[in-house]
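# Observations on the three-dimensional arrangement
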Amino acid sequence: EYVITITGTDAVGRTDVTSKTVTVDTTPPTFVVSNIAGDGSTQVDGTSYTVVGTSTDPGASTSGVALVEYSLDYIDDPGDTWNAATGTTNWSVPLTGLADGLAKTFAVRATDNAGNVSAVTDLDFDVDLEAPDLAVTGGNTAASLVYLNSDMLLSGTATDANGVPSITVTYN
């Protein structure tokens, strides 16, 4: 921080003094996305989803966060579209019209009042609106099975636009 003092003197020696404090902010703001994991494991299960986060302007001399922006379907290209999030220190972005099987990239950046722009962080998430499709394709495929003292073999398939990481078979 600097204090600049300006003194004006007229022809007969009268003076007027004014001072201004100047803050020099060379540090870009930082931010956190609260509900999209950095490892790409986030699964959205609805046609709408609100991304939320926080932003701060760190350092000894700060000007404050002026703007948080996001880009959906970000590809690190000058043609990427950037839109303002709602809020700055606590911000949110409502996403709508999400469809099953979509892999999305959500990017965010923040700008402070001095014009410093943070680095872009891009995060991937998947949209999964449908349950997996299961089918018994081998062995006895009847709806009800009766076996007495013998092995039973079933085989089948499980498909989903976002993959099927596990199948569990239980009996009682």
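Here 5 strands make up an open sheet; going across it, the order is E4-E10-E9-E6-E7 and the pairing mixed. The sheet is open, and its two edges are formed by strand E4 (42–44) and strand E7 (83–84), each paired on a single side. Here strand E9 (residues 103–112) runs beside strand E10 (residues 121–127); their pairing, made up of 6 bridges, is antiparallel. Residue valine 108 lies in a different strand from E10, and its bridge partner there is threonine 121.

Glancing now at the pattern of salt bridges. Applying the stated criterion across every chain, the model contains 3 salt bridges. Of the charged contacts in the structure, one is a salt bridge between arginine 14 and aspartate 10, with a shortest N-O distance of 3.1 Å. Arginine 14 gets classed as exposed once you look at its relative accessible area, which sits at 59%. By relative accessible area, aspartate 10 is classed as partly exposed at 33%. When the shortest N-O distance is used, the salt bridge between arginine 109 and glutamate 69 registers 2.8 Å. In this pair, arginine 109 sits in strand E9 while glutamate 69 sits in strand E6 (residues 65–72), placing the two residues 40 residues apart along the sequence. For glutamate 69, a relative accessible area of 14% puts it in the buried group.

The next point concerns a nonpolar patch on the surface. Judged by side-chain polarity, Tyr2, Ile4, Ile6, Val22 and Val24 come together as a nonpolar surface patch covering roughly 450 Å² of accessible area. Ranked by the residues each element gives to the nonpolar patch, the list is headed by strand E1 (residues 2–9), at 3 residues. Tracing the sequence through the fold places isoleucine 4 in strand E1.

What counts and how
Residues numbered from 1 in each chain as written. Predicted model: local features only at pLDDT ≥ 70, side-chain atom pairs only at ≥ 80, totals over all residues. Heavy atoms only, no water. Pairing = 2+ DSSP bridges. Helix = DSSP H or I, 4+ residues; strand = E, 2+ residues; numbered from the N terminus. Salt bridge = Lys/Arg side-chain N within 4 Å of Asp/Glu carboxyl O. Buried < 20%, exposed > 50% of the residue type's maximum accessible area, 1.4 Å probe, protein only. Patch = residues over 30% accessible without salt bridge, like charges linked within 9 Å, V, L, I, M, F, W, Y side chains within 5 Å. Areas by Shrake-Rupley, 256 points an atom, 1.4 Å probe, with all protein chains shown as cover.

Function-wise, these values are silent; they only describe arrangement.
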